[in-house]
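# Tertiary structure, described
One-letter residues, chain by chain:
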Amino acid sequence: MIRRISAVARLVILEAFRKKDFYVALFFGVVLLAYASRIEFYQISNVHRYLLEIGLALAFIFSAVLGSGLAARQLPSELQNRTLGVLLSKPIGRFEVMFGKFAGSFAATAACFTVFFVLFAAFAWMKAGGLPMVLAVQTFVLFLFALAVLAALSVGLSAYLTTAANVLVTLLLFFMMNIYGGTLLSSTAQVPLPGRYVLWAVYSALPHFEFFDMRTRFIHDWPALSAGLVACLAAYAALFVMVFLTLGWFKFRKAGTTA
Amino acid sequence: MNYALECRALRVSFGTKTTLDGLDLKVRAGEMFGFLGPNGAGKSTTIKSLLGLIQPASGEVLVHGVSPDHPSARRRIGFLPEEAMYYRFLTPMEILRFYGDICGVERGLLTRRIEELLKLVGMWEVRNRQIKTFSKGMTQKISLAQALIHDPDTLILDEPTSGLDPIARMDLRSLLKDLRHQGKTIFFSSHELSEAELLCDTIAIIKNGKIIKTGSVESVLAGKEHNLERFFIDTIKNADGGAR
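Residues numbered from 1 in each chain as written. Chains lettered and ligands numbered in written order. Predicted model: local features only at pLDDT ≥ 70, side-chain atom pairs only at ≥ 80, totals over all residues. Heavy atoms only, no water.

Before going further, it helps to examine the overall build of chain B. Check the secondary structure of chain B and you find nine helices and nine strands. In terms of overall size, chain B behaves like a compact globule, its C-alpha atoms giving a radius of gyration of 18 Å where 244 residues would be expected to give roughly 18 Å. The C-alpha extent of chain B, read off along each of the three principal axes, is 55 × 40 × 35 Å. If you take every contact in chain B between residues at least 6 apart in sequence, the share linking residues at least 24 apart comes to 68%. Per element, the accessible surface of chain B, about 10800 Å² overall, is 48% carbon and sulfur. For chain B, the distance from the average site of its 33 positive side-chain charges to the average site of its 30 negative ones is 3 Å. (Helix = DSSP H or I, 4+ residues; strand = E, 2+ residues; numbered from the N terminus. Rg over C-alpha atoms; globule rule 2.2 N^0.38 Å. Contact = heavy atoms within 4.5 Å. Areas by Shrake-Rupley, 256 points an atom, 1.4 Å probe, with all protein chains shown as cover. Lys, Arg positive; Asp, Glu negative; His and termini not counted. Charge placed at Lys NZ, Arg CZ, Asp CG, Glu CD.)

What follows deals with the overall build of chain A. Of the regular secondary structure elements, chain A holds 10 helices and zero strands. Put simply, chain A runs from its N terminus to its C terminus through helices and strands in the order α-α-α-α-α-α-α-α-α-α. At 20 Å, chain A has a C-alpha radius of gyration in line with the 18 Å of a compact globule built from 259 residues. If you line up chain A on its principal axes, its C-alpha atoms span 65 × 55 × 30 Å. Taken over 259 residues, chain A has a buried fraction of 48%. At a minimum sequence separation of 6, the contacts of chain A that also span at least 24 residues come to 82%. If you sum the accessible surface of chain A, you get close to 12100 Å²; carbon and sulfur atoms cover 72% of it. On chain A, the mean spot of the 20 positive side-chain charges and the mean spot of the 9 negative ones are 12 Å from each other. (Buried < 20%, exposed > 50% of the residue type's maximum accessible area, 1.4 Å probe, protein only.)

Residue-level contacts link 33 residues of chain B with 30 residues of chain A. Counting the surface lost from both chain B and chain A, the interface buries some 2700 Å², and carbon and sulfur atoms represent 60% of this. Contact with chain A buries surface across chain B, with B:Leu53, B:Phe89 and B:Ile102 losing the most and accounting together for 26% of the total. Taken together, chain B and chain A are joined by three salt bridges. Across the salt bridge formed by A:Arg3 and B:Asp101, the nearest N and O atoms sit 2.6 Å from each other. Counting the contacts that link chain B with chain A gives 11 residue pairs in polar contact (both at pLDDT 80 or more). (Buried area = accessible area lost by both parts, 1.4 Å probe. Salt bridge = Lys/Arg side-chain N within 4 Å of Asp/Glu carboxyl O. Polar contact = N/O pair within 3.5 Å; in protein donor to acceptor, adjacent residues only side chain to side chain.)

In the structure shown here, the tally under the stated rule is 19 salt bridges over all chains. Ionic pairing is found between B:Glu6 and B:Arg8, a salt bridge with its closest N-O pair at 3.1 Å. Under the relative-accessibility criterion, B:Glu6 is labelled buried at 9%. In this structure, B:Asp153 and B:Arg76 form a salt bridge, with 2.7 Å as the shortest nitrogen-oxygen distance. Pair noted here: B:Asp153 is in the loop between helix H5 (136-148) and strand E6 (154-158) and B:Arg76 is in the loop between helix H2 (71-74) and strand E5 (77-80), with a separation of 77 residues, a long-range link. Classification of B:Asp153 as partly exposed rests on a relative accessible area of 31%. Within the structure, one salt-bridge network assembled from shared partners comprises A:Arg3, A:Arg10, B:Asp101 and B:Arg107.

Okay, the packing of aromatic side chains next. Summed over the entire model, instances satisfying the criterion amount to 26 aromatic pairs over all chains. With centroids separated by 5.7 Å and ring planes inclined at 50°, the aromatic side chains of A:Phe117 and A:Phe120 adopt a geometry described as tilted. Taken together, the residues span about one helical turn, with A:Phe117 and A:Phe120 both in helix H5 (residues 94-128) at a distance of three residues. Ring centres 5.2 Å apart and planes at 35° place the aromatic pair B:Phe35 and B:Phe187 in the tilted group. (Phe/Tyr/Trp six-rings, centres within 6.5 Å; stacked < 30°, edge-to-face > 60°.)

Together, A:Tyr160, A:Leu239, A:Val243, A:Leu247 and A:Phe250 line one region of the surface with nonpolar side chains, adding up to about 490 Å² of accessible area. Among the structural elements, A:Tyr160 can be located in the loop between helix H6 (133-157) and helix H7 (163-188). (Patch = residues over 30% accessible without salt bridge, like charges linked within 9 Å, V, L, I, M, F, W, Y side chains within 5 Å.)

Put simply, helix H1 (residues 2-18) of chain A and helix H3 (residues 92-102) of chain B touch, their axes get as near as 8 Å, and they point 155° apart. When the axis of H1(A) is compared with that of H3(B), the two are roughly antiparallel. Between H1(A), through A:Arg3, A:Arg4, A:Ala7, A:Val8, A:Arg10, A:Leu11, A:Leu14 and A:Arg18, and H3(B), the contact on the second element is made entirely by B:Glu94, B:Phe98, B:Gly100, B:Asp101 and B:Ile102. Of the residues in the contact of H1(A) with H3(B), the class split is six nonpolar, one polar and six charged. (Axes fitted to C-alpha atoms, helices over the stretch in contact; angles between N-to-C directions. Parallel < 35°, antiparallel > 145°, perpendicular 65-115°, else oblique. Nonpolar A, V, L, I, M, F, W, Y, C, P; charged D, E, K, R; others polar.)

With respect to the helices and strands, the residue A:Ala235 is situated in helix H10 (residues 227-252). A:Ala235 sits 178 residues away from A:Ala57 along the chain, and the two C-alpha atoms are 24 Å apart.

Next up on the list: the sheet that holds strand E9 (residues 210-216) of chain B. All names here are of chain B. Pairing is mixed in the open sheet, where six strands are placed in the order E5-E6-E7-E3-E8-E9. Every other strand in the sheet has two partners, leaving E5 and E9 as the edge strands with one partner each. Shown here is a sheet whose adjacent strand axes are inclined to one another by a mean of 15°, direction ignored. Taken together, the four bridges between strand E3 (residues 32-36) and strand E8 (residues 202-207) define a ladder with parallel strand orientation. Pairing of Phe-33 across the sheet is with Thr-202, part of E8. (Pairing = 2+ DSSP bridges.)

This part covers the side chain of A:Gln138. Residue and element names in this part refer to chain A. Mapping Gln-138 onto the fold places it in helix H6. Judged by relative accessible area, Gln-138 falls into the buried class, the value being 11%. The contacts of Gln-138, once residues within four sequence positions are left out, are Met-214, Ala-224, Leu-225 and Val-230.

Bringing the confidence of the model for chain B into the picture now. Looking at chain B, the pLDDT average stands at 84 and 95% of residues meet or exceed 70. When mean pLDDT is taken per element in chain B, H3(B) scores highest with 93 and helix H9 (residues 228-243) of chain B scores lowest with 68. (pLDDT = per-residue confidence, 0-100.)

With respect to the secondary-structure elements, A:Ser105 resides in helix H5. Here A:Ser105 is in contact with A:Val12, A:Leu70, A:Ala71, A:Gln74, A:Ala151 and A:Val155, once residues within four sequence places are set aside.

Look at H5(B): 19 Å from first C-alpha to last across 13 residues, which is about the 18 Å you get at 1.5 Å a residue. Among the 13 residues that make up H5(B), 10 are buried, leaving the element largely enclosed by the rest of the structure. Those residues of H5(B) that sit buried are B:Gly137, B:Thr139, B:Gln140, B:Ile142, B:Ser143, B:Leu144, B:Ala145, B:Gln146, B:Ala147 and B:Leu148. At its buried positions, H5(B) is contacted by helix H4 (84-88) of chain A together with E5, H3, helix H4 (107-120), E6 and helix H6 (166-181) of chain B. (Expected span 1.5 Å × (residues − 1).)

Right, dumping it as structure tokens:
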């Protein structure tokens, strides 16, 4: 099973690097980072913090866009290019195909994010004259968790939606949760019962990407998270990965193919 | 009797349209079976059912006695689709390694088998070129190699000669005969009736989702002076008349 999943994952990684998506994103990432490093904010104290925030946000945005695009097109392109029939005629289960697509999309995106993050770290080192290492590692690892959830969401939704709709929904959810996710819970408190329970259920069912966003903590050099909390976040991400892949498989297991 | 492929009262519908209407089919292990029929008769749907790619509304499909939903059944099948489509960014070596990994072929054996198959289909020289640069005929050869990568007991070939030039067709015919002599079961759908006549032990003619004639080529043509092509046209016309 591991060999079949890794074969599918390898295919996705090869596609990502041979179709040059990554290089385009990297090019724009470097250009924007270089441009941001030249901006002068006069009369603002701790200007490097703004620059760090911009740099980190760029790394997050490019990785998220790249990851959702790559993951969202996997199953539809197999159908469209009529390669799925041959693949499923081999001794591989449909969940294995989905999991392989997820693993490959995640691995390719994680590799891209690593490059972006290393560039960002070099940039941060230059601007701030040093880095809080534990926070940097936590910021990196937690965003990898977010990318895993994002990839699973895109692969799962690709069994239901077209690629364009999937990317739109995934990225909208990703950015909306990052911006408003933290305020949703307090908003539900103002709603009378039993509506509050419904909203609370919706709140719990949504993937809280903001839980993995360490930007503020990193930039302001706040205390690092405890190992226990990081482990809980890893479990939270794993749960959502399995839920999204299972939901996708539920539709995909009966989907017809064009052999 | 040991059957490699079996369909029992198979019914497949897409919406209100019934594509296979109680289809019964039996392919003995080790025989070369030609599956013939006009366009839209249900050949591709039958093949997809045999591969477990679509779920029948009723009836049963067995591959070496096991449902094709089980990966163990599909491990014994090699499939060559009518229109060969593969990952265009891969090279022939990578394609075969990918499918070999999926089929669980032991790694050392896989490396040897890839070389052997690429030489067999005459693609060894271009083994490191991406498939997107290949012609239809070249892709069809890769398609045949991928169908054979795990040394399956049964080959399901959908229009195997489509896109091949006359020499490649002749090579394919000779390869299929060799495989048949090795004891493989070969099930192929084709419009090339002369080819079916030349190669097959048994044929079945399908029309409107039902088998209207089946048997050995000799028994089907017994007592008739004409060839399979003439027989096929007459059978289809008679079936149309019957339907009216």
